[in-house]
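# Close look at the chain arrangement
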Amino acid sequence: MHTTVGIIGAGPSGLLLARLLQGAGIDSVVLESRDRAYVEQRQRAGILEQATVDVLRSAGAGDRLDREGMPHHGIDLRFDRRSHRVDFPALTGGRGVTVYAQTEVVKDLVALRLADGEPLLFEAEALAVEGADTDRPAVRYLHEGREQTLTCDYVIGCDGFHGVAATAVPEGLRRGFERTYPYSWLGILAEAPPAYDELIYAHSERGFALASMRSPTVSRLYLQVPNGSDPADWPDDRIWDELDSRFATRADPGWKLNRGPVTSKSVLPMRSHVTEPMRHGRLFLAGDAAHIVPPTGAKGLNLAVADVVVLAHALRRMKETGSAELLDAYSDTCLRRVWRAEHFSYLMTTTLHTDPDQSPFDTRLQLSYLERVATSPHAAAELAENYVGLPIDLA
């Protein structure tokens, strides 16, 4: 089988790229190692930047997003047992974010792909990318019990940090930059209406906490915990009590979360990683295959969307004009945004979490920065602009 663009991975980046290419008249095949049910249920991000929402709408994937997504116009920063709201529209010229789970984005894009009859193979495990530095690269994959080959003009690796695409870049040509953090997140989904209208980011002497949501009836909540923590060591009542303690403020000491059945509980390690370059020959990396950010800045899914928007634009330019200029610039174009998001995510993470080896001096520095955000429109605007997302650079 041959196609113009072979896409490894049916996460949001791979599916959105296929949709954008379809609109440009460029054929593609999407290979996904998992089954459809798994792909549509795996819990990941839930915050969409304004640019991500705009791209999904323009791609025809915005109907349910517009009906069910929850626009948010700010966040609540809690520190020193005080609360301060960061007003996004006032600081960014009217922009905000939308709460709409990655699972729902994937469901929407899968449904569109299948309805259009475009190639999307589930349980098709990519084994290797071969000939990336030739004019006809190939993906070897296992599907329906036998090994097959997909030849392509271009291969796009949207298969995550542990996928085969990144390893197809020779070791001598790729460089990895990484930071691991000395804490993790314990995340839960709970059948409980959120007791808050916007996300709450809390810095406390007991550690970080985040109150998010997935719908008007489902809360998504996180606690900073030590690396290696076992979710089984955190019974539900202990989680709820700890969340209430970390969110408490002096102005409203009786404020509590709404409690309900916990339906999911997991521990998420925290790390930052960037692979350079994001291209080798006719192989291009996008999303988690090229970069990972700690989730504190809500950048992972949005970075992946920006990657494939840049890539789809470059492939369209190649088709229409024969110019490879934008394809050649792909890695540099994306990495400018990637490193900005990495820095913002690092800043949010290290400011709001408590390092196990943290000194009182370190804590005072964190509180000083948070106080600056609360009192300076300039500092607040810098945080808000990064949070709602910078414009996607296509050149």
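Reference entry: report on the structure contained in this document.

Procedures and definitions
- Residues numbered from 1 in each chain as written.
- Predicted model: local features only at pLDDT ≥ 70, side-chain atom pairs only at ≥ 80, totals over all residues.
- Heavy atoms only, no water.
- 1 Å grid on protein atoms, 1.4 Å probe; cavity = no way out; pocket = protein on both sides within 12 Å on 5 of 7 lines; lining within 4 Å.
- Points joined across faces, edges and corners; volume = space filled by probe spheres on them.
- Helix = DSSP H or I, 4+ residues; strand = E, 2+ residues; numbered from the N terminus.
- Pairing = 2+ DSSP bridges.
- Contact = heavy atoms within 4.5 Å.
- Axes fitted to C-alpha atoms, helices over the stretch in contact; angles between N-to-C directions.
- Salt bridge = Lys/Arg side-chain N within 4 Å of Asp/Glu carboxyl O.
- Buried < 20%, exposed > 50% of the residue type's maximum accessible area, 1.4 Å probe, protein only.
- Core = buried A, V, L, I, M, F, W, Y, C linked by side-chain atoms within 4.5 Å.
- Parallel < 35°, antiparallel > 145°, perpendicular 65-115°, else oblique.
- Left-handed = near helix turned anticlockwise from the far one by under 90°.
- Nonpolar A, V, L, I, M, F, W, Y, C, P; charged D, E, K, R; others polar.
- Polar contact = N/O pair within 3.5 Å; in protein donor to acceptor, adjacent residues only side chain to side chain.

## Topic: the layout of surface pockets
Of the voids in this model, the second largest pocket is the one considered here, and its volume is about 290 Å³. As for the second largest pocket, its lining consists of 17 residues, and the residues nearest its centre are Thr-350, Thr-351, Gln-358, Asp-362 and Gln-366. For the lining of the second largest pocket, the secondary-structure elements that each account for two or more residues are strand 12 (175–190), helix 11 (330–352) and helix 12 (360–375). In terms of residue count, strand 12 provides more of the lining of the second largest pocket than any other element does, five residues in total.

## Quick notes on the sheet that holds strand 13 (residues 200–202)
If you walk across this open sheet you meet the eight strands as 6-5-13-14-15-12-16-19, and the pairing is mixed. Pairing within the sheet leaves two strands with one partner each, and these edge strands are strand 6 (82–87) and strand 19 (291–292). Pairing analysis gives two bridges linking strand 16 (residues 262–276) to strand 19, with the strands arranged antiparallel. If you follow His-273 over to strand 19, its bridge partner there is Ile-292. Sheet contacts for helix 8 (residues 236–247): strand 5 (74–79), strand 12, strand 13, strand 14 (209–215), strand 15 (218–225) and strand 16; angle to strand 15, the most-contacted strand, approximately 80°.

## What to know about the pattern of salt bridges
One pass over the structure, following the stated rule, counts 27 salt bridges. Across the pair Glu-104 and Arg-64 runs a salt bridge, and its minimum N-O distance is 2.9 Å. Of this pair, Glu-104 sits in helix 6 (residues 102–115) while Arg-64 is found in helix 4 (residues 63–68), placing the two residues 40 residues apart along the sequence. Accessibility classification places Glu-104 together with Arg-64 in one group, the buried group. Among the ionic pairs, Arg-279 bridges to Asp-328, the shortest N-O distance being 2.7 Å. Here Arg-279 is found in strand 17 (residues 279–280), whereas its partner Asp-328 is found in helix 10 (residues 325–328), with 49 residues between them in sequence. The exposed category is assigned to Asp-328, whose relative accessible area is 51%. A network of salt bridges, in which partner residues are shared, links Arg-64, Glu-68, Glu-104, Lys-107 and Asp-108.

## Looking at the nonpolar core
Counting 72 residues, the largest nonpolar core has Ile-7 and Leu-283 as the members making the most contacts within it. Ranked by residues supplied to this core, first place goes to helix 9 (residues 300–321) with 10 residues. Filtering out sequence-adjacent residues up to four positions away, Ile-7 remains in contact with Gly-14, Leu-17, Ala-18, Leu-21, Ser-28, Val-29, Val-30, Leu-31, Ile-156 and Cys-158.

## Some remarks on the packing of helix 9 against helix 11
For the pair helix 9 and helix 11, the least separation of the axes is 10 Å and the interaxial angle reads 160°. By the angle between their axes, helix 9 is roughly antiparallel relative to helix 11. Both helix 9 and helix 11 take part in a crossing whose hand is right-handed. For the pair helix 9 and helix 11, the contacting residues are Leu-303, Ala-306, Asp-307, Val-310 and Leu-311 in the first and Tyr-330, Thr-333, Cys-334, Arg-337, Val-338 and Ala-341 in the second. Residues of the contact of helix 9 with helix 11, tallied by class, amount to eight nonpolar, one polar and two charged.

## Some thoughts on the sheet that holds strand 3 (residues 47–49)
Strand order in this open sheet of three strands is 3-7-4, and the pairing throughout is antiparallel. Lying at the two open borders of the sheet, with one neighbouring strand each, are strand 3 and strand 4 (70–72). Within this sheet the neighbouring strands show an average axis-to-axis angle of 35°, counted without direction. Relative to strand 7 (residues 97–99), strand 4 runs antiparallel, the two sharing three bridges. Each bridged residue has a counterpart across the sheet, and for Met-70 the counterpart in strand 7 is Val-99. Where helix 3 (residues 50–58) meets the sheet, it contacts strand 3 and strand 7, and its direction lies at approximately 80° from that of strand 3.

## Quick notes on the side chain of Glu-104
Relative accessible area serves as the criterion here: at 18%, Glu-104 is assigned to the buried category. Within polar-contact distance, the side chain of Glu-104 engages the side chain of Arg-64 at 2.9 Å. Only 3.2 Å separates the side chain of Glu-104 from the side chain of Thr-103, close enough to count as a polar contact.

## Here we look at empty space enclosed by the protein
This model, assessed by the stated rule, comprises four cavities of 30 Å³ or more. Counted as a void, the largest cavity has a volume near 100 Å³. Every residue lining the largest cavity is listed: Glu-49, Lys-299, Asn-302, Leu-303, Arg-337, Arg-340, Ala-341, Phe-344, Asn-386, Gly-389 and Leu-390. Of all elements in the fold, only helix 9 and helix 11 reach the threshold of two or more residues within the lining of the largest cavity. Among the elements that take part in the lining of the largest cavity, helix 11 stands out by supplying four residues, more than any other. Of the residues assigned to the lining of the largest cavity, the class counts are four nonpolar, three polar and four charged. The space that makes up the second largest cavity amounts to roughly 40 Å³. Along the walls of the second largest cavity sit Leu-15, Ala-18, Arg-19, Gln-22, Leu-109, Leu-112 and Arg-113, which together make up its complete lining. Considering each element in turn, the lining of the second largest cavity owes the most residues, four residues, to helix 1 (residues 12–23). Of the residues in the lining of the second largest cavity, the class split is four nonpolar, one polar and two charged.

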